[in-house]
Structures are given as C-alpha cells and as structure tokens.
Amino acid sequence: LFSLPRLSTQRPAMARVTPEQLVAELTWARTRPKEVSAILRERLATYKGKEYYPPERNGSCIVTKEGKAVVEEAIAFLEKLPPMGGLGAAPEQALSLAAEDHVADIGFTGVVSHDSSDGTRGADRALRYGRFRMYGECLWYGGSQSGARSIVLDL
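Residues numbered from 1 in each chain as written. Predicted model: local features only at pLDDT ≥ 70, side-chain atom pairs only at ≥ 80, totals over all residues. Heavy atoms only, no water.

### Here we look at the overall build of the protein
Okay, step 1: Looking only at helices and strands, the protein has six helices and three strands in total.
Okay, step 2: Expected size for 155 residues packed as a compact globule is a radius of gyration near 15 Å; at 16 Å, the protein falls within 12% of this value.
Okay, step 3: Counting only C-alpha atoms, the protein reaches 40 × 40 × 30 Å along its principal axes.
Okay, step 4: The buried share of the protein, taken over its 155 residues, is 31%. (Helix = DSSP H or I, 4+ residues; strand = E, 2+ residues; numbered from the N terminus. Rg over C-alpha atoms; globule rule 2.2 N^0.38 Å. Buried < 20%, exposed > 50% of the residue type's maximum accessible area, 1.4 Å probe, protein only.)

### Overview of the packing of helix α1 (residues 19-31) against helix α2 (residues 33-43)
Okay, step 1: Their axes nearest at 5 Å, the elements α1 and α2 cross at an angle of 100°. With respect to α2, the axis of α1 lies roughly perpendicular. Across from Trp28, Ala29, Arg30 and Thr31 in α1, the residues of α2 making contact are Pro33, Glu35, Val36 and Ile39.
Okay, step 2: Tallied by class, residues from the contact of α1 with α2 come to five nonpolar, one polar and two charged. (Axes fitted to C-alpha atoms, helices over the stretch in contact; angles between N-to-C directions. Parallel < 35°, antiparallel > 145°, perpendicular 65-115°, else oblique. Contact = heavy atoms within 4.5 Å. Nonpolar A, V, L, I, M, F, W, Y, C, P; charged D, E, K, R; others polar.)

### Regarding the sheet that holds strand β2 (residues 51-52)
Okay, step 1: The sheet built from three strands is open, its strands ordered β1-β2-β3 with antiparallel pairing. The sheet terminates laterally at β1 (47-48) and β3 (62-63), the two strands that pair on one side only.
Okay, step 2: Judged from the two bridges that link them, β2 and β3 form a sheet pairing that is antiparallel. Looking across to β3, one finds that tyrosine 52 is bridged to isoleucine 62. (Pairing = 2+ DSSP bridges.)

### Topic: α2
Okay, step 1: Turning to α2, its buried residues are Pro33, Val36, Ser37, Leu40 and Arg43. Angular distribution of buried residues about the axis of α2 spans 110°; they occupy a single face of the element.
Okay, step 2: For α2, the elements touching its buried residues are α1, β1, β2, α3 (68-80) and α6 (148-154). (Arc of directions from axis to C-beta.)

### Re α3
Okay, step 1: Taking 1.5 Å of rise per residue, 13 residues should cover 18 Å, and α3 covers 19 Å from first to last C-alpha, within 8% of that figure.
Okay, step 2: Lining the buried residues of α3 we find α2 and β1. (Expected span 1.5 Å × (residues − 1).)

### Describing the pattern of salt bridges
It is possible for side chains bearing opposite charge to pair when their charged atoms get close.
Okay, step 1: Applying the stated criterion across every chain, the model contains seven salt bridges.
Okay, step 2: Put simply, glutamate 79 and arginine 41 hold a salt bridge, and the shortest N to O gap is 3.6 Å. Separated by 38 residues along the polypeptide, glutamate 79 in helix α3 and arginine 41 in helix α2 bring together distant segments of the chain.
Okay, step 3: Arginine 41 sits in the partly exposed class, given a relative accessible area of 45%.
Okay, step 4: Of the charged contacts in the structure, one is a salt bridge between aspartate 115 and arginine 121, with a shortest N-O distance of 3.5 Å.
Okay, step 5: Note on aspartate 115: relative accessible area 23%, which makes it partly exposed. (Salt bridge = Lys/Arg side-chain N within 4 Å of Asp/Glu carboxyl O.)

### Points about the environment of aspartate 105
Okay, step 1: In this structure, aspartate 105 sits in helix α4 (residues 93-109).
Okay, step 2: C-alpha separation for the pair aspartate 105 and glycine 122, spaced 17 residues apart in sequence, amounts to 12 Å.
Okay, step 3: Apart from residues lying up to four places away in sequence, aspartate 105 is in contact with Ser116 and Ser117.

### Points about the nonpolar core
Okay, step 1: If you look at the biggest cluster of nonpolar residues, it comprises 18 residues, and the most contacted ones within it are Leu22, Val36, Leu40 and Val71.
Okay, step 2: Secondary-structure elements contributing two or more residues to this core are α1, α2, α3 and α6.
Okay, step 3: Setting aside anything within four residues of it in sequence, one finds valine 36 in contact with Trp28, Ala29, Leu78 and Leu153. (Core = buried A, V, L, I, M, F, W, Y, C linked by side-chain atoms within 4.5 Å.)

Pasting the structure below:
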C-alpha cells in the first residue's frame, strides 16, 4: 500500500518522494538483498545505543525501541535471502486508495497501528477497492528529509 501525506500549510514541505520511486526502491530491495544488507551494515555506524543519527537529519537523532540489534537481525536475514521478484513499475491504484484511507484516518486521530481507529484492518481496507492474491502493508513514520531509498531501508 502506498500513500504519502498531502502537503498542508501547517506542516513543513515533504520531500518529493513519489509512489513510483517507492515501488522502484522496494523492487531494488527485493531483487538485491545483499546490496541492502551492505548498506544496512554501513548504517550500524550511525547508531549510538538506541539512537539512530541518519545523515539527512544533520545531527538530529531518531530514538528507536530496538537500536542496533534489530538492524543486525535484518542484516543476518538478508544475507540468507535469495533475490525475489520485483513489484513492477507503478503502485497498484486500488491499494493506494486503501492506504490513503488509512493515512487520512491515523493522521487525523494520531493512531499508530495497522488497524484504523474504528478497528478496520488492512485487508478490509484493501477489499474496499478490489481483490488481491497478495498484498502487504508497511507503515513508515519519518521526516521530510528522507528519500525513497531511506524510507525502504527504514522499513
């Protein structure tokens, strides 16, 4: 599911990351897991305990729950993972609509969950717009400085 927050006059401008850029970066991650693990290994140097200092934040940190341990776990997983198929060239419009519903809901209510404020689950949101053999939902809460690759690596 892909949806980016809409620009408003009350928030700083978001980086111009398009759904197509996210699909391209997700395809890269799926088809080149060893490259992803190498970049994550470099990221380990930007952790101090549970604080992550992404270069694009110019010295500001993100306080994580897990710290380096979860990144090391992801690296170990990716090292064993064979390349998978890509996602295509563009997001699935129906899933984008389902994601927009969720962003509108949780952005308004402040809920941090795969479930909507009314208890609706991701599968139910997707079924509003179509039938899918498979789909996935990743929630990302980041800053306006992040590009598409950074977003995918954060996941």
